[in-house]
Every structure is written in structure tokens, then in C-alpha cells.
Amino acid sequence: MRFAIGDTDFLLDGEPHRVLSGAIHYFRVHPDLWQDRIRKAKLMGLNTIETYVAWNAHAPQPGTFSFEGGLDLGRFLDLVSEEGMHAIVRPGPYICAEWSNGGLPYWLFADGTVGVRRNEPGFLAAVRDYLEQLAPVLVPRQVDQGGPIVLVQVENEYGAYGSDASYLRALEQMHRDIGLTVPFTSVDQPMGTMLEDGSLPSLHKTGSFGSRSTERLERLRQAQPTGPLMCSEFWDGWFDSWGEHHHTTPASASASDLDDLLAAGGSVNIYMFHGGTNFGFTNGANDKGVYRPIATSYDYDAPLDEAGRPTAKFHAFRSVIERYAPVPPLPASMQPGGSGVLAASGASDTSSASAASVAGLEARPAPAADVAVRLDRVASLRSLLPALTEWSAHDEPPTFDALGAASGFVLYRTEVDLPDGGVLTVGTEVRDRAVVSVDGVVVGVLEREHHDRAIALPPVTGTLELLVEDQGRVDYGPRIGEPKGLIGVVAVDGVPLARWSASPLALDPIAPAAVDQLEALPSTDGDVLAGPVVAAGTFDLASTEDRYLSLDGFRKGVAWVNGFCLGRYWSRGPQRTLAVPGPVLRAGRNEVVVFELHASASRTVCMLLEPDLGHTEA
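The model shown is predicted, which means the values in this text are computed figures rather than measured ones. (Residues numbered from 1 in each chain as written. Predicted model: local features only at pLDDT ≥ 70, side-chain atom pairs only at ≥ 80, totals over all residues. Heavy atoms only, no water.)

**Q** Looking at this model, I keep getting lost on the sheet that holds strand E15 (residues 377-380). Mind explaining?
**A** Two modes of strand pairing occur in sheets, parallel and antiparallel, and in both the strands are linked by backbone hydrogen bonds. Sheet architecture is open: 5 strands sit in the order E15-E30-E35-E32-E33, paired in antiparallel fashion. Edge positions in the sheet fall to E15 and strand E33 (564-570), since each of these pairs with one other strand and no more. Direction aside, the axes of adjacent strands within the sheet are offset by 20 degrees on average. Note: E15 against strand E30 (residues 533-541), 4 bridges, orientation antiparallel. Opposite Ser380, over in E30, you have Val533 as the bridge partner. Where helix H10 (residues 381-388) meets the sheet, it contacts E15, E30 and strand E35 (588-596), and its direction lies at approximately 80 degrees from that of E15. (Pairing = 2+ DSSP bridges. Helix = DSSP H or I, 4+ residues; strand = E, 2+ residues; numbered from the N terminus. Axes fitted to C-alpha atoms, helices over the stretch in contact; angles between N-to-C directions. Contact = heavy atoms within 4.5 Å.)

As C-alpha cells, this is what we get:
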């Protein structure tokens, strides 16, 4: 089979072909649920699945590269093929995606000599190694070799960042050198000169937009007089940042814009078809003068919600698509008002879909009720530090990057003698949030978002600690690749502090020794938790449906279920619950662990069947 770019259309074995694609990021969805999400895309009328490749997820440390478990890109693409669908792959190397560091590994920039998204030898050498790792997965899965891949995108919205044609030419050649033969694309917003700046004549230009389709396509045609028109990021919703409102777009308006796009003969990739979740510490951030970390949920107000259920947008888009292409019949579970849950044939016994018929279209049985979980085993963070830390000594506070910490938390500690107190200052910036303590007593918080760099300390002769959280590496703009931690000289009343100890906290996954210590603790009474504190509790389930963890009354922290890091929670919203994939759960006994930074008014969390959609507004 051959896929090519014609004068007016994409060509599949020489015949005109319209790409109807939807974005699903394999790294934001539990692997036992991939098949379910892909199949639902087909049922909406799509014929293609698009995914980014997150370089930093596959290579979290120098010299490592993994395609295991939730990073098995080959298996994901094979499932796309099994559904009779095509695939678009966007390996970047930069992807944005509201993902930590835009997908670029933190360690690449640790020594400050490697360029970012430009024609610089160190950066290009690392990219070459990365693409060579991808070659055995991507090359044999191209459509002309019997696989699903029909298009590969080079870079990502580069016209919004730079205009270095030599950089793009080097990237294009690297993609060819590893054996990729399918057509290559670029994507940029049809605004200003972005389309021209971010592409090459040898790359097929596509647009990214979510409204005014006719106008955007006209600008795309101006930049590219021949070839098929394509919006390869049709924004049907938007992402959420902590402290801002929950973003939604009316299904009718998005469907109307999609209709305009298809009526003009365009191809499309719906971004997102299913958003998924920023599990662990994978969320990115934006900084356009004010730092804004991305929320854990990546629901995106997409046709398929965070739990994989069809929304009004699913049905509205399907109604539009069926005017232009055949769509499969919907099973009863996918009809408006149905459960929206399909069985996943071939899923493991631990999958939340395994309770349903492997015929592939029946709904799961009715789930059990919501379950309240009391966190009856409690330990202060300080008591768990021996299990969570490996201290190292430094003359000044090292960055996360120097410590080999991609994300999460680093604890900085030094001894001080301040009989009259003083003013603690961080010379350049706190990246991104520091809980400041003296002798184990919290005295305040420094927040990058508020441009905090100073805090008054009480009289103390003892231990000064700063628990610093990386709330998400910037994924867009000139601050990509910046180090995390305490940046600049840390001083009291202008006198630099020296002789620091520092350690990342082993939280993703949480250190087994810490879990063992929690399990050995006796149950305790009381309601309020005073942080920083770690608390655990158990609960029983009869079945393993997808659920949501409600932490009503808790302020800020991280949560795990059965050792799986669900991600961050924060009472400032907008999200109020954390998604718990069914495959993470077990029939029988399960465990919740919560790391609360500040305090909670309750020791009870709840495993809900439905999300709490009363989004907290900023």
C-alpha cells in the first residue's frame, strides 16, 4: 500500500483519500485501555489515530531508553492497525503537548551548553540518537511496509518559536536517514508568517486552529498553493491550568467549525479525541510573564472524556463526519445516555474492561457504590525521610537537574544560627514552589507564580529546610529547558548560606521502604492532618471500574492508588477529582496513599464512580 501527497488530495494507492484523524497520546492513557479508546475513535467515524512521541518519557535519564508497559509505542500502533486504522506519528523532538519540557529530556540541557530547538551540534547529536532508538518501532510500521503509519510530522509549530531553515533541514534528513519513507508534514498556526517560518518546501504544510475554518484554510492555501488542505490540530477544547477556570467549548460551535473544514475538502486531526491524564509529575507549564502549571487532568473537553466515555461533542462530531464518510453503527452502550464503555478483546485480566464480553461492544456490568476511605495510618514527612532520601553535600543549593531529578520534589537543608531571625532571599527565582521550615515548623511558602523570593524567618538556631516542588517544566516558548530548584544565591539578610544537604524525594514511584513503614503503623484516631504528612488507608472493591479519587478538604499534594501515582491535586482547582484507571484497581483490597503538603480538614477520601464536575473556579 502506498500513501502520497497529490496535487489536491492525499492519495492512498493512487485514489483520493481524506484523513479523518483523532489524537490519543499513548503516554496519557493506561495501556490496558488503549484498545478501548482506539475503537471508540473508529466508531465516531475516524480512520486515523495521531500521537506525539514523548522523548523524555522514554529516556528519563541519560543512557536509558524504554518501550515497556505504558511506553510500548509499537503495541499502541499495532492496536491501531488491528482496528483497520492508519496512524500519524509526531516524534518532535519537541512536542509541546502541555507536557513537561515539551517532551525534551531535562538532562539534555543540564550543563548549559546544548542548544534548544536549533542547529546546534550537541542538540542535533542527541536528536539523532533519539530517532535511531525510534527507528525499529516506526520504520517497519509504515504503510508501505504493511503497517499503519501514513504521515510523520517534523518538529512542532516551529514557526511560533524560530525560523532556522538549516535546523529543519537537518531534522528532515535525520528522519529520512533512519528509514522513514512516508510523507513528512509540518504544522503551524495560519497567522502572520508562522506557516512559512516553521516549514520547508519539502514538508507538507498543515494548520493548527479550532475556529474560523474557512479563513484559516484560505491562509494555508496562500502559503501552499497545491496539495491537500489539512488541519492537523483541530482544537476542539483546551487544557486547564491550576487556579484558572475549566475550559469548555460548545459542542455545536465545534461541530460547525468541523463541518466548514470538511465541506472545504480538508482533512483533519481532532486535537484531542481523548485527552487522558498527566499522571505522576508529567504535566507541563506556561510562563508568559506569569508561571502557570498545567493541571493533572488533560480531559480537554474532548469527544471522549477523561474516563473514556462519549460526550455530546462525540455525537455532534459523528453527525458531521457521516455527511462526508461512512461511519460504523454505534453499539447500545455508545448511544447518547449509554455507559460508553466497550470491552477490550485481548485485555489482561486486570483491565477494567475485562469484566465485559470480549465480543467487543457490550457495556460493563453496573458498578458498585462510591467507597469512602479513611486514611488511618499517618506519618510525618520528616519521619519517612530515611526511606525517601539520599543526601548529598553542596556548597550552595544545587538545581534539580544537577541532582538528576527530572521532576517532583527536592528537600534542601542547612544549619543556621539566627538568634534574631532574618529575611531569607533567593537571588534569581524559586522554581517553582518552596515550603520553608525551621526545626520542622513551617513558616511560609515561596511561590514562583507570585514572583516570591523573600520570606521572614523567626529566631532559630537549628535546621532550615526548603521543600521545593517542580510544578511542571515549561513546555512552550523561550523558557523551555530551564533548570529547576532554587536559582541564584540563597541568603539571610544578604549573607549567603553555605554547607547545604540536598535530596530528591523518591515519590514516583514512591519508595517501597516508605510504603512498608506506612503499612507497619497502627491505626490512629483524629480528623485533621497537619503537613507535610503522608497518610494511607485501604478499601475493598468487588469490581475494577474506572473511578475518581475525591480529596475534598485536602489542600495540595500527590496521591497514589496501589502504588500508581495519580498525580497532583490542589484545592485551588479547577479540577476536583483525580482519575483512577480501572486497570490500576484490584478486586478485593486496595490502598490509597496521600502526601499532603499543608493540612486537611478530614482524613477521609472517596473513590467515586463519577467525577466531581463542580469545577473549582479561580
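**Q** Which parts of the structure should I look at to understand helix H3 (residues 73-82)?
**A** Since the α-helix packs 3.6 residues into each turn, any two residues three or four apart lie on the same face. Turning to H3, its buried residues are Leu73, Gly74, Phe76, Leu77, Leu79 and Val80. Its buried side turned inward, H3 meets strand E4 (20-24), helix H1 (34-43), strand E5 (48-52), strand E6 (86-90), helix H4 (121-138) and strand E7 (149-153). Downstream of H3 by one or two residues, Gly84 has phi in the positive range, about 75 degrees. (Buried < 20%, exposed > 50% of the residue type's maximum accessible area, 1.4 Å probe, protein only.)

**Q** Sorry, what's going on with the sheet that holds strand E16 (residues 392-394) here?
**A** If you trace the 6 strands from one edge of the open sheet to the other, you get E16-E28-E17-E23-E20-E21, paired in antiparallel fashion. Strand pairing shows two members of the sheet lacking a second neighbour, E16 and strand E21 (441-447), which therefore form its edges. Direction aside, the axes of adjacent strands within the sheet are offset by 25 degrees on average.

**Q** I keep staring at the side chain of Glu172 and nothing clicks. Help me out?
**A** Note that Glu172 resides in helix H5 (residues 165-177). Not counting chain neighbours up to four residues away, the residues in contact with Glu172 comprise Val154, Phe184, Leu200, Ser202 and Leu203.

**Q** Where do I start with the pairing of strand E20 (residues 433-438) in this structure?
**A** Consecutive side chains of a regular strand alternate in pointing toward one face of the sheet and then the other. Across the 6 residues of E20, 6 count as buried, placing the element largely inside the fold. Burial along E20 is two-sided: the residues Arg433, Val435 and Ser437 and Ala434, Val436 and Val438 are all buried. In this structure, E20 lies alongside E21, joined through 6 bridges in antiparallel fashion. What sits directly across from Arg433, in E21, is Glu447. Between E20 and E21, which pair antiparallel in sequence order, lie 2 residues; one of them, Asp439, sits at a positive phi of approximately 50 degrees. Where E20 lies against strand E23 (residues 460-470), 6 bridges are found, and the strand directions are antiparallel. Bridge pairing links Val435 to Leu467 in E23.

Such coordinate-based values are descriptive only and should not be taken to indicate function.
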